[in-house]
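# Summary of structural features
Residues per chain are reported as follows:
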Amino acid sequence: MPKLLLATTNQGKANEYRFLLSGLPFDIVTVIDENIEYNVEENGTSFEDNARIKATEYAGTSGLITLADDSGLEVDALGGEPGIYSARYAGEDASDSDRIKYLLDKLREVPWEKRTARFKCAIAVALPEGQVEICTGECNGIIALGAKGDRGFGYDPVFYIPELDNTMAELPLEVKNKISHRAVAAQKAYRILERFTGKNEL
């Protein structure tokens, strides 16, 4: 069975992808599983740019079909912040709880109706030869007044989805993996990978 490299060291993200891509004829591995210590600089100006950079560089380095994503949170009241800087919003070494606190502090005076936001995800699937395809997904919601839920990771505990009356972190995995930004993009990536043939064609 051929390997599919997930260009991530985030175990929570890797677990989601193993669930979302289950059924594909690939042995899904991460850069940690493959002992890849090469770090790719994400210097793009969009989620799509960063996903493409990671996927093509790791595919070229590893010789494996590679899936990379870049995702983040856009908050309307903050002009789209944190955007592509979501993981570094409160500093390079900040924890998830640090980032959530920083975000909530910035929104302290913002009323409920103006706390609209969206999660965005761009996925790139690349072959070692350099071919790459991009797909995207998003999920709309509201930034809650406080963190709720212990599932998920990142900003999930403060991303409230009105239609479900839950934060992303309160949702069972099987629900999250149907409606999340990553799930929407992964459904498209699944179809890209299904088209993959022994001739390494996307």
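Scroll up to find the structure this text is about.
## Details of the overall build of the chain
When its secondary structure is counted, the chain shows five helices and seven strands. Along the chain, helices (α) and strands (β) appear in the sequence β-α-β-α-β-α-β-β-β-β-α-α when read from the amino end. Against the globule reference of 17 Å for 202 residues, the chain gives a C-alpha radius of gyration of 17 Å, in line with a compact fold. Principal-axis analysis of the C-alpha atoms gives the chain an extent of 55 × 30 × 25 Å. The buried share of the chain, reckoned over its 202 residues, is 49%. Long-range pairs, those at least 24 residues apart, make up 61% of the contacts in the chain with a sequence separation of at least 6.

## Side note on the packing of helix H1 (residues 11-20) against helix H5 (residues 181-194)
At a minimum axis distance of 10 Å, the contact between H1 and H5 shows a crossing angle of 50°. Comparing the axis directions of H1 and H5 gives the class oblique. Both H1 and H5 take part in a crossing whose hand is right-handed. Where H1 abuts H5, its residues Lys 13, Glu 16, Tyr 17 and Leu 20 lie against Arg 182, Ala 183, Ala 186 and Tyr 190. For the contact of H1 with H5, the residue count by class is five nonpolar, no polar and three charged.

## Describing the side chain of Thr 30
Along the chain, Thr 30 falls in strand E2 (residues 27-30). Excluding residues within four positions of it along the chain, Thr 30 makes contact with Leu 5, Leu 6, Thr 8, Ala 14 and Arg 18.

## Quick look at the pairing of E2
Strand direction decides the pairing type here: strand E1 (residues 3-6) and E2, joined by four bridges, are parallel. From the neighbouring strand, Leu 4 faces E2, where its bridge partner is Ile 28. What joins E1 to E2 is H1, and the crossover it makes is right-handed.

## Concerning unusual backbone geometry
A cis amide bond, omega -5°, links Glu 81 with the succeeding residue Pro 82. Within the chain, Asn 35 stands out as a residue other than glycine whose phi angle is a positive 55°. Tracing the chain through its elements places Asn 35 in the loop between E2 and helix H2 (47-62). On the basis of relative accessible area, Asn 35 is assigned to the exposed category, the value being 66%.

## Considering the environment of Ser 46
Tracing the chain through its elements places Ser 46 in the loop between E2 and H2. When neighbours within four sequence positions are excluded, Ser 46 is seen to be in contact with Asp 70 and Ile 84.

## Here we look at the pairing of E1
For E1 and strand E3 (residues 65-75), the ladder comprises three bridges, and the chain directions are parallel. Within E3, the position partnered with Leu 5 by the bridge is Thr 66.

## Observations concerning the pattern of salt bridges
Oppositely charged side chains may form a pair once their charged atoms are brought near each other. In this structure the tally under the stated criterion is 19 salt bridges. A salt bridge links Glu 133 to Arg 195; the nearest nitrogen and oxygen atoms lie 2.7 Å apart. With Glu 133 in strand E5 (residues 132-143) and Arg 195 in the segment after H5, this pair connects stretches of sequence that are 62 residues apart. Residue classification places Glu 133 among the partly exposed positions, given a relative accessible area of 23%. We classify Arg 195 as partly exposed; its relative accessible area is 43%.

Rules behind the numbers
- Residues numbered from 1 in each chain as written.
- Predicted model: local features only at pLDDT ≥ 70, side-chain atom pairs only at ≥ 80, totals over all residues.
- Heavy atoms only, no water.
- Helix = DSSP H or I, 4+ residues; strand = E, 2+ residues; numbered from the N terminus.
- Rg over C-alpha atoms; globule rule 2.2 N^0.38 Å.
- Buried < 20%, exposed > 50% of the residue type's maximum accessible area, 1.4 Å probe, protein only.
- Contact = heavy atoms within 4.5 Å.
- Axes fitted to C-alpha atoms, helices over the stretch in contact; angles between N-to-C directions.
- Parallel < 35°, antiparallel > 145°, perpendicular 65-115°, else oblique.
- Left-handed = near helix turned anticlockwise from the far one by under 90°.
- Nonpolar A, V, L, I, M, F, W, Y, C, P; charged D, E, K, R; others polar.
- Pairing = 2+ DSSP bridges.
- Right-handed = clockwise from strand over helix to strand, strands pointing away.
- Salt bridge = Lys/Arg side-chain N within 4 Å of Asp/Glu carboxyl O.

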